[in-house]
Amino acid sequence: MENKKKVAFYTLGCKLNFSETSTIARDFQKEGFERVDFEEIADIYVVNTCSVTENADKQFKQIVKKAIKLNSNAFVVAVGCYAQLKPEELASVDGVDLVLGATEKFKITDYINDLSKNDKGEVHSCEIEEADFYVGSYSIGDRTRAFLKVQDGCDYKCTYCTIPLARGISRSDALENVLKNAKEISEQGIREIVLTGVNIGDYGKGEFGNKKHEHTFLDLVKALDQVEGIERLRISSIEPNLLKNETIDFVAKSRTFVPHFHIPLQSGSNEILKKMKRRYLREVYTERVANIRKVMPHACIGVDVIVGFPGETDEHFLETYHFLNDLEISYLHVFTYSERDNTEAAEMDGVVPANVRSKRSKMLRGLSVKKRRAFYETQIGSNRTVLFESENKEGYIHGFTENYVKVKMPWDPALVNMLQEVQLTKIDEDGSVRIQCLSEV
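Criteria and thresholds
Residues numbered from 1 in each chain as written. Predicted model: local features only at pLDDT ≥ 70, side-chain atom pairs only at ≥ 80, totals over all residues. Heavy atoms only, no water. Helix = DSSP H or I, 4+ residues; strand = E, 2+ residues; numbered from the N terminus. Buried < 20%, exposed > 50% of the residue type's maximum accessible area, 1.4 Å probe, protein only. Contact = heavy atoms within 4.5 Å. Areas by Shrake-Rupley, 256 points an atom, 1.4 Å probe, with all protein chains shown as cover. Pairing = 2+ DSSP bridges. Axes fitted to C-alpha atoms, helices over the stretch in contact; angles between N-to-C directions. Phe/Tyr/Trp six-rings, centres within 6.5 Å; stacked < 30°, edge-to-face > 60°. Lys NZ or Arg CZ within 6 Å of the ring centre and 35° of its normal. pLDDT = per-residue confidence, 0-100. Left-handed = near helix turned anticlockwise from the far one by under 90°. Nonpolar A, V, L, I, M, F, W, Y, C, P; charged D, E, K, R; others polar. Salt bridge = Lys/Arg side-chain N within 4 Å of Asp/Glu carboxyl O. Core = buried A, V, L, I, M, F, W, Y, C linked by side-chain atoms within 4.5 Å.

### A short note on the overall build of the protein
Thinking step 1. When helices and strands are tallied, the protein shows twelve helices and 19 strands.
Thinking step 2. The burial tally for the protein puts 55% of its 441 residues in the buried class.
Thinking step 3. Long-range pairs, those at least 24 residues apart, make up 72% of the contacts in the protein with a sequence separation of at least 6.
Thinking step 4. About 19800 Å² of surface is accessible on the protein, with carbon and sulfur atoms providing 49% of the total.

Rendered as structure tokens:
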């Protein structure tokens with residue numbers, strides 16, 4: 001009987017790295033490799049790196065040395081955050097054969113057909129933007145979902161933002177009109193409606209921006225939940241100070257609202273939040289996430305964050321990084337701060353150099369890939385409802401569960417725009433989740 005090739009893993013950094021290592025290890029075992037302890041002799045050593053720890057490069061070199069000492073012919077692979085941020089640096093470390101970036105690491109077994117040692121590490125690293133598997137999934141006009149505008153403009157004075165200059169004061173559509181539009185959308189056979197606006201939690205200010213709130217955002221949500229024929233309602237981005245606990249509790253019990261929230265944070269540092277003139281501190285954000293998790297443990301929580309705001313020191317940035325790393329959220333949308341004319345921030349001191357902004361953005365995008373992965377891991381084995389989309393992408397049909405997990409299965413035109421109960425079975429190499437259909441909803 002042929003000897004199985006042995007693979008060993010070393011994980012640096014956070015719990016998410018550990019959950020990813022276990023996924024990668026399972027892939028190796030499926031390919032017929034035997035997993036052994038890192039202290040043992042193996043054919044392949046995989047090091048899952050971290051970019052946050054001090055001396056990450058020094059640590060990495062020591063681990064590689066240890067592997068080579070155990071087996072001088074071993075094939076050494078570097079994956080993880082540091083591999084995404086500084087691939088060339090890791091590739092030049094003596095003994096390293098392969099460096100894989102944020103998306104490639106989940107296809108690791110595709111890259112190791114040839115286990116002969118390389119003179120210099122080979123790098124496969126994507127632009128981190130490509131690791132965001134959700135780009136373009138919000139297309140208007142596809143027949144599975146529609147965007148319903150309920151509010152426009154903004155009265156907030158965030159120091160980086162030009163929207164109030166571009167769109168004027170906060171004002172809302174009348175409730176009857178929103179309901180009428182929702183009804184019309186549902187009559188066209190569209191299954192999901194996404195509520196949109198500039199600051200939708202501020203819903204209720206009159207159409208001329210007068211300050212009287214005839215209806216609140218909660219009133220809107222309750223009324224929409226009653227509209228016949230709508231099967232799914234999704235709240236788009238909503239400010240943390242305007243996402244009230246009553247709304248969270250209502251969504252948890254609602255007939256149509258799905259357990260998915262996108263809540264802008266912008267910074268995990270209270271000092272920077274004050275400079276941005278945001279209307280909350282990070283403690284409010286922590287509380288909102290905790291409240292959602294309490295009533296909807298399986299909810300998907302997305303976060304907007306800005307890097308490189310004037311005056312953001314390395315300490316401020318790491319405060320944000322660690323805050324997000326410890327928070328039970330599902331993905332990030334990372335924005336690199338850029339100066340906008342006629343904003344207060346553009347005049348502020350402490351301009352962050354472009355290369356530093358870019359590096360911080362890369363770190364948070366890498367964290368987002370890990371967060372999404374870890375969130376998906378928690379969903380494997382569960383039963384969810386999927387709304388399938390209409391595009392045939394390379395022989396697959398894609399869709400989203402109510403809690404915003406992207407799924408795929410072999411193309412079947414009969415499933416287009418259908419709601420189907422499925423079981424989530426495993427995470428695919430492209431980051432989406434494979435499923436098994438159970439029944440039509």
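Back to the text.
### Remarks on the sheet that holds strand E14 (residues 331-336)
Thinking step 1. Read across the sheet, three strands follow the order E12-E13-E14 without closing on themselves; strand pairing throughout is parallel. Both outer strands of the open sheet, strand E12 (260-266) and E14, are each paired with one neighbouring strand and no more. Across the sheet, the mean angle separating the axes of adjacent strands is 20° when strand polarity is ignored.
Thinking step 2. With six bridges connecting them, strand E13 (residues 300-307) and E14 associate as parallel partners. When the sheet's bridge partners are listed, Val305 is paired in E14 with Val334.

### Some words on the environment of Met418
Thinking step 1. Counting through the fold element by element, Met418 comes out in the loop between strand E17 (406-410) and strand E18 (419-427).
Thinking step 2. Under the relative-accessibility criterion, Met418 is labelled buried at 18%.
Thinking step 3. Separated by 30 residues in sequence, Met418 and Phe388 have C-alpha atoms that sit 5.7 Å apart.
Thinking step 4. Ignoring any residue separated from it by four or fewer positions in sequence, one finds Met418 in contact with Arg191, Val386, Leu387, Phe388 and Glu440.

### As for the sheet that holds E18
Strand pairing in a sheet takes place through backbone hydrogen bonds and is either antiparallel or parallel in direction.
Thinking step 1. One closed barrel accounts for five strands, arranged E15-E16-E17-E19-E18; its pairing is mixed. Averaged over all adjacent pairs, the angle separating strand axes in this sheet is 50°, with direction ignored.
Thinking step 2. Relative to strand E19 (residues 433-440), E18 is paired through seven bridges, and the arrangement is antiparallel. When the sheet's bridge partners are listed, Val422 is paired in E19 with Cys437.
Thinking step 3. Running over the sheet, helix H12 (residues 354-379) touches strand E15 (383-388), E17, E18 and E19 and is turned about 115° from E18.

### Brief notes about the packing of aromatic side chains
Thinking step 1. For the structure on display, the rule yields ten aromatic pairs.
Thinking step 2. Measuring from centroid to centroid gives 5.7 Å for Phe9 and Phe28, while their planes differ by 70°, and the two rings are edge-to-face. Of the two residues, Phe9 is situated in strand E1 (residues 6-11) and Phe28 in helix H1 (residues 15-30); the sequence distance between them amounts to 19 residues.
Thinking step 3. Taking relative accessible area as the criterion, Phe9 reaches 10% and is therefore assigned buried.
Thinking step 4. Through a chain of ring-to-ring contacts, the aromatic side chains of Phe9, Phe28 and Phe33 assemble into a single cluster.
Thinking step 5. Sitting over the ring of Tyr396, Lys408 keeps its end group 4.1 Å from the ring centre.

### Section: the confidence of the model for the protein
Thinking step 1. Overall, the predicted model of the protein reaches an average pLDDT of 85, with 85% of residues at or above 70.
Thinking step 2. A low-confidence stretch, residues 126-141 stays under pLDDT 50, and its non-local contacts, those more than four residues away or across chains, total 37 contacts.

### Overview of the pairing of strand E3 (residues 44-49)
Thinking step 1. Across the six residues of E3, six count as buried, placing the element largely inside the fold.
Thinking step 2. Neither face of E3 is open: one carries Ile44, Val46 and Asn48, the other Tyr45, Val47 and Thr49, and all of them are buried.
Thinking step 3. Of the pairings in the sheet, the one linking E1 to E3 comprises five bridges and is parallel in character. Considered in E3, the bridge of Phe9 is made with Val46.

### Regarding the packing of helix H6 (residues 175-187) against helix H7 (residues 217-225)
Thinking step 1. Between H6 and H7, whose axes approach to 10 Å, the crossing angle comes to 35°. Like other packed secondary-structure pairs, H6 and H7 cross with a definite hand, here right-handed. Every residue of H7 that contacts H6 at Leu175, Val178, Leu179 and Ala182 is listed here: Leu220, Ala223 and Leu224.
Thinking step 2. Looking at the contact of H6 with H7 residue by residue, the class counts come to seven nonpolar, no polar and no charged.

### With respect to the pattern of salt bridges
Thinking step 1. Summed over the entire model, instances satisfying the criterion amount to 18 salt bridges.
Thinking step 2. The residue Glu231 makes a salt bridge to Arg191 at a minimum N-O spacing of 3.3 Å. You can see Glu231 sitting in the loop between H7 and strand E11 (232-235) and its partner Arg191 sitting in the loop between H6 and strand E10 (192-196), a full 40 residues away along the chain.
Thinking step 3. Relative accessible area serves as the criterion here: at 32%, Glu231 is assigned to the partly exposed category.
Thinking step 4. Arg191 sits in the buried class, given a relative accessible area of 18%.
Thinking step 5. Residues Arg278 and Glu239 are paired through a salt bridge, measuring 2.9 Å at the closest nitrogen-oxygen approach. With Arg278 in the loop between helix H9 (270-276) and helix H10 (282-295) and Glu239 in the loop between E11 and helix H8 (245-253), the pair connects residues that are 39 residues apart, well separated along the chain.
Thinking step 6. Residues joined in a network through salt bridges with shared partners are Lys408, Asp428, Asp430 and Arg434.

### Considerations on the nonpolar core
Thinking step 1. Among the nonpolar cores identified, the biggest contains 53 residues, and Leu195, Leu220, Leu224, Ile292, Leu324 and Leu364 are the most heavily contacted of them.
Thinking step 2. Per-element accounting of this core gives the leading share, six residues, to H7.
Thinking step 3. Discounting residues that sit within four places of it in the chain, Leu224 has contacts with Val178, Leu179, Ala182, Leu195, Leu233 and Phe257.
Thinking step 4. Of all hydrophobic cores here, the second largest spans 22 residues; its members include Ala42, Ala67, Leu90 and Val99.

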